[in-house]
Amino acid sequence: MKRVFSGVQPTGNIHLGNYLGALKQFVELQNDHECIYCIVDLHAITVPQDPKVLREHILDVASLYLAVGINPSKSIVFVQSDVPGHVELSWVLTCCSYTGELYRMTQFKAKSHNKESAPAGLLTYPVLMAADILLYDTDIVPVGNDQKQHIELTRDLAIRVNNTRKKTFVVPEGRYMKEGARIMALDDPRQKMSKSAENVHSRISLLDEPSKIKKSIMKATTDSDGIIRFDPENKPGISNLLNIYSVLSGQSIDDITADYDGKGYGDFKKDLVEITVDALAPIKARYEEIRYSDELRTILKDGAERAGAIAEKTMKRVKENFGLGL
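A brief look at the structure comes next. All values derive from a computational prediction rather than experimental measurement.

Right, let's talk about the overall build of the protein chain for a bit. Within the protein chain one finds 13 helices and 5 strands. In summary, the protein chain has a C-alpha radius of gyration of 21 Å against a globular reference of 20 Å for 326 residues, a match within 12%. Expressed along its principal axes, the backbone C-alpha trace of the protein chain runs to roughly 75 × 45 × 40 Å. With 326 residues in all, the protein chain has 51% of them scored as buried. Sequence separation of at least 24 residues holds for 75% of the intrachain contacts in the protein chain that already meet a minimum separation of 6. Charge centroids of the protein chain, computed over 42 positive and 44 negative side chains, lie 4 Å from each other.

As structure tokens, this is what we get:
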């Protein structure tokens, strides 16, 4: 089976966009791939973090991994910093990278706000991301379209090393989410749904209470013509809600729009509230069951040991090909 690697930062509650765009893919892939899923806590410290809060968020995300259906008997689930090979390989790859290509990264420009000086971690975290992927001889990386540049850097680094250091790395392929699963902010449907947005009603988090879900959906931006039609360019608000409805219900957008022919946004939104609450209820129940259990820590410890065994083999090959160690 081909090997899959991906990770999620432990920064706040996972929202519907993360779930439909990434985690749902993670669950599907584990049925016919060898999957390794990581909580990338080292990436989180590129910006200041409260240590106690960060540790809680690590456990939150790990619990949600399991709650959405990732099966630790099929997939490896672990915390990035528990496997030293991530940092070790990151340094090797940093020595193979060029400042010019790192300065050109779109996300670095956005996060550094084009300031003359920025934290070095913001500049080099794409190299750490490349190390995360290459450490496990990854074949497929399921990511959002906004990560395409980072996957290309990973491929470039792997090829660059392979051209001078034998065949050291597997060159991975990105698996980019379908456009239909791209979930936008409820208050501004031309922007991606985000954990960090100030308006809490711009997103639906997987652990939201039904009352919060209802309020967020009923307040969601639409338009003034009241016609339920999928048209992302001219009707981004209702099109975004149709995407959510379709993915959660399993119905095609064409069938949904036919069902609501002649009906208004109010009826549509009320039904979407019910569908969303019903879809998230089992996730929340499983999360609450496992979050403070010994089972969670046992799964993460076992996952780190399994991931570490793979990482050690890769690092042995890397060190041999680079002439490191004795």
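What follows picks up the thread again.
Right, let's talk about the layout of surface pockets for a bit. As a volume, the largest pocket reaches approximately 1500 Å³. Contributing to the lining of the largest pocket are 44 residues, with Gln9, Gln107, Lys111, Asp146 and Gln147 lying nearest its centre. When contributions to the lining of the largest pocket are tallied by element, the ones reaching two or more residues are β1 (3-8), α1 (16-29), α2 (41-44), α6 (106-112), α7 (120-134) and β4 (140-143).

On to a negative patch on the surface, then. Judged by side-chain charge, Asp267, Asp271, Glu274 and Asp278 come together as a negatively charged surface patch. Here Asp278 is to be found in helix α12 (residues 265-290).

Attention shifts here to the nonpolar core. Membership of the largest hydrophobic core comes to 59 residues, with the highest contact counts inside it found for Leu16, Ile39, Tyr65, Leu206 and Phe268. Ignoring sequence-local partners within four residues, the contact set of Tyr65 consists of Ser6, Gly7, Val8, Leu23, Phe26, Tyr37, Cys38, Ile39, Ile70 and Val77. If you look at the next biggest cluster of nonpolar residues, it comprises 39 residues, including Ile76, Met129, Val161 and Met315.

Taken as a whole and judged by the stated rule, the model has 8 aromatic pairs. Seen in terms of ring centroids, Tyr260 and Phe268 are 5.3 Å apart; in terms of plane orientation they differ by 80°. Their pairing is edge-to-face. Relative accessible area serves as the criterion here: at 4%, Tyr260 is assigned to the buried category. Take Phe268: its relative accessible area is 0%, and that puts it in the buried class. Taken together, the ring pairs in this structure connect Phe5, Phe78 and Tyr136 into an aromatic cluster.

Let us now look at the packing of helix α9 (residues 210-218) against α12. At a closest axis distance of 9 Å, the pairing of α9 and α12 adopts a crossing angle of 145°. Where α9 crosses over α12, the handedness of that crossing is right-handed. Seen from α9, the contacting residues are Pro210, Ile213, Lys214, Ile217 and Met218; seen from α12, they are Gly266, Lys269, Lys270, Leu272, Val273, Thr276, Val277 and Leu280. Class assignment for the residues of the contact of α9 with α12 results in 8 nonpolar, 2 polar and 3 charged.

So, on to the packing of helix α4 (residues 85-94) against α7. Put simply, α4 and α7 touch, their axes get as near as 8 Å, and they point 120° apart. When the interaxial angle is binned, α4 and α7 end up oblique. In this structure, α4 meets α7 at a crossing whose hand is right-handed. Residues His86, Leu89, Ser90, Leu93 and Thr94 of α4 touch α7, and the partners they reach there are Val127, Leu128, Ala130, Ala131, Asp132 and Leu134. The class makeup of the residues in the contact of α4 with α7 is 7 nonpolar, 3 polar and 1 charged.

For the rest of this paragraph, the subject is the pattern of salt bridges. With the rule as written, the count across this model stands at 17 salt bridges. The partner of Arg3 in a salt bridge is Glu34, with the nearest N and O atoms 3.1 Å apart. On the criterion of sequence distance, the pair formed by Arg3 in strand β1 and Glu34 in strand β2 (residues 34-39) is long-range, its members being 31 residues apart. Take Arg3: its relative accessible area is 15%, and that puts it in the buried class. For Glu305, the salt bridge is made with Lys301, and the minimal N-O distance between the two is 3.0 Å. Separated by 4 residues within a single helix, Glu305 and Lys301 lie in helix α13 (residues 294-322), roughly one turn from each other.

Turning our attention to the environment of Ile151. Relative to the helices and strands, Ile151 resides in helix α8 (residues 148-164). Given the relative accessible area of 0%, Ile151 is considered buried. Here the alpha-carbon distance between Ile151 and Val141, two residues 10 residues apart in the chain, equals 8.0 Å. Once residues lying within four places of it in the same chain are set aside, the contact partners of Ile151 are Met129, Ile133, Val141, Val143, Gly174 and Tyr176.

So, on to unusual backbone geometry. At Asp137, a position not held by glycine, the phi torsion is positive, near 50°. Structurally, the position occupied by Asp137 is in the loop between α7 and β4.

Analysis parameters
- Residues numbered from 1 in each chain as written.
- Predicted model: local features only at pLDDT ≥ 70, side-chain atom pairs only at ≥ 80, totals over all residues.
- Heavy atoms only, no water.
- Helix = DSSP H or I, 4+ residues; strand = E, 2+ residues; numbered from the N terminus.
- Rg over C-alpha atoms; globule rule 2.2 N^0.38 Å.
- Buried < 20%, exposed > 50% of the residue type's maximum accessible area, 1.4 Å probe, protein only.
- Contact = heavy atoms within 4.5 Å.
- Lys, Arg positive; Asp, Glu negative; His and termini not counted.
- Charge placed at Lys NZ, Arg CZ, Asp CG, Glu CD.
- 1 Å grid on protein atoms, 1.4 Å probe; cavity = no way out; pocket = protein on both sides within 12 Å on 5 of 7 lines; lining within 4 Å.
- Points joined across faces, edges and corners; volume = space filled by probe spheres on them.
- Patch = residues over 30% accessible without salt bridge, like charges linked within 9 Å, V, L, I, M, F, W, Y side chains within 5 Å.
- Areas by Shrake-Rupley, 256 points an atom, 1.4 Å probe, with all protein chains shown as cover.
- Salt bridge = Lys/Arg side-chain N within 4 Å of Asp/Glu carboxyl O.
- Core = buried A, V, L, I, M, F, W, Y, C linked by side-chain atoms within 4.5 Å.
- Phe/Tyr/Trp six-rings, centres within 6.5 Å; stacked < 30°, edge-to-face > 60°.
- Axes fitted to C-alpha atoms, helices over the stretch in contact; angles between N-to-C directions.
- Left-handed = near helix turned anticlockwise from the far one by under 90°.
- Nonpolar A, V, L, I, M, F, W, Y, C, P; charged D, E, K, R; others polar.
- Parallel < 35°, antiparallel > 145°, perpendicular 65-115°, else oblique.

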